[in-house]
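Overview (structure and organization)
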Amino acid sequence: MFRTFNLGIVLGIVMAATLVYFFPWVDQHRERSLISVHANGGNSESFHIMLPDDRIMAGVAGAQRSTPPGLDWPELDFLANIQAEMFKVRNENGVVVGVASRMSGKSDQHGSFVEWVVHLPARGTMYVSMDPDPSPDGYREGSLRAGTREFLTLNGVVLERFVKNDFGPDSDGAGRIELATALVGPAVELE
Amino acid sequence: MKYLISLSVGMFVGVVLFVLGLYFNPFVDTPRVSPLAVSDLDLIDLSYSLVASESIVFTNDGESHVKPHPARVLELWEPTIIRTRGFVTILTDSRGEPAGLGVKFASDSEETALLGGKVLIDSVWHIYLQDRGTMLIDQTENIWRYVHDIVIPARLSSGDNWRGTWYGLITAGPGALGTARVTVNTGVLSGTEAEAVESITAKAYSSITGPVGMTGNLTIALPREEE
């Protein structure tokens, strides 16, 4: 009986270790990536943000209406010309796939900048630096400055465009921000 | 029958031994000294409060014990972002003066492996520093030691809290020395890549409300501007 008890101990340890090893403690929900692959090996994908529904935070000095309600945006001199926003990001099908922050501003020391950090939990993060001045047709072009995981080795361009809603009773500020990416991986020598 | 009972009791003891071994595993430890401690680079020390109510914005799935702040902020309840936290805070310098603005996204990592003492989080900081411009810090955090030393004792405590003095590095990569990767986009050092580490100094934690007295510290090692 003592041998059976010892066997039980060993079995218990092995079973618990196996369970802990194979149990998926974190299993991020994935949406199918809606990517178009091009002949040069690059791929394009588009994301969008519905405004105002997907805006988590809009931090800007002297704002009359705060998002979220109750936001206490610090009145600091160096934030006077800085705008920081946080959003939920949707894929082409309108499904939320991540979150993003957008910082824009102007300072004597660093000039003007517009930046995005798009964080897709199941895939990785893109750090995008945009041209501060949009083109006449409303597009702002930027480049992928850095990426993590799926975006680590990619390079390419990102286009930003705000499309205003012209309908509805309260269309002020309502619309969508479109982010279109065209990324390509490093060239690989074929054998 | 007695053999079956003996086997069952043995298995139960085995599971308990395994859990104790996992918790007190002497082979799992995180470095206590920052890999940037000995560096001839320009070190920037930034601090921020980890108490949600002291942040500008903190949001999560809304079901966690740490409540979003402000109360009416949009919660991250969608399946793809339910294991993600968003955090906006003012970063202060070593003198306690506001130095910049930080936005942090942190998601539970699928690389988490309890058997190896790895409770991992993929996180990114989007930072604006008034003296240095903007940058991205991306890192993998290992919060096993934090969970082991603070969260579990608080949960087991009859008062549902933990008090003490605790310091720990949480950055575990992707750098070879366990450092985070920094990409500077604007400012004098635009285009530079650098390293950083994040640590936590804790004094009080409640298993009901989350961090009570807790400070996060970011140390960024940037090349000197004249280089």
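Use the structure listed above.
Residues numbered from 1 in each chain as written. Chains lettered and ligands numbered in written order. Predicted model: local features only at pLDDT ≥ 70, side-chain atom pairs only at ≥ 80, totals over all residues.

Things to note about the overall build of chain B
When helices and strands are counted, chain B shows two helices and eleven strands. In sequence order, chain B lays out its α and β elements as α-β-β-β-β-β-β-α-β-β-β-β-β. By principal-axis analysis of the C-alpha atoms, chain B measures approximately 80 × 40 × 35 Å. Across the 227 residues in chain B, those meeting the buried criterion constitute 43%. Taking the intrachain contacts of chain B between residues at least 6 apart in sequence as the baseline, contacts between residues at least 24 apart amount to 56%. (Helix = DSSP H or I, 4+ residues; strand = E, 2+ residues; numbered from the N terminus. Buried ≥ 20, exposed ≤ 12 C-beta atoms within 10 Å, placed from the backbone. Contact = placed C-beta atoms within 7 Å.)

Remarks on the pairing of strand E9 (residues 155-164) of chain A
The side chains of a regular strand alternate between both faces of the sheet. Residue and element names in this part refer to chain A. Sheet topology note: the strand E8 (residues 139-147)/E9 ladder contains five bridges and is antiparallel. The residue of E9 that forms the bridge with Gly-142 is Val-158. Across ten bridges, E9 lies against strand E10 (residues 175-184) in antiparallel orientation. Counterpart to Val-158 in the pairing with E10 is Thr-181. (Pairing = 2+ DSSP bridges.)

Notes on helix H1 (residues 2-23) of chain B
Residues and elements named next belong to chain B. Between the first and last C-alpha of H1 there are 32 Å, a value that for 22 residues agrees with the 32 Å anticipated at 1.5 Å per step. Residues of H1 that are buried: Gly-10, Met-11, Gly-14 and Phe-18. Taken end-on, H1 shows its buried residues confined to a sector of 105 degrees, consistent with a single buried face. In H1, the exposed positions angled more than 90 degrees off the buried face are occupied by Lys-2, Leu-20 and Tyr-23. (Expected span 1.5 Å × (residues − 1). Arc of directions from axis to C-beta.)

Considering helix H1 (residues 2-22) of chain A
Taking 1.5 Å as the rise per residue, H1(A) with 21 residues should run 30 Å; its terminal C-alpha atoms sit 30 Å apart, in good agreement. Every buried residue of H1(A) is accounted for by A:Gly8, A:Ile9 and A:Gly12. Down the axis of H1(A), the smallest arc covering the buried residues is 100 degrees, so these residues share one side. In H1(A), the exposed residues that point more than 90 degrees away from the buried face are A:Arg3, A:Val10, A:Thr18, A:Tyr21 and A:Phe22. Where H1(A) is buried, its residues contact H1 of chain B.

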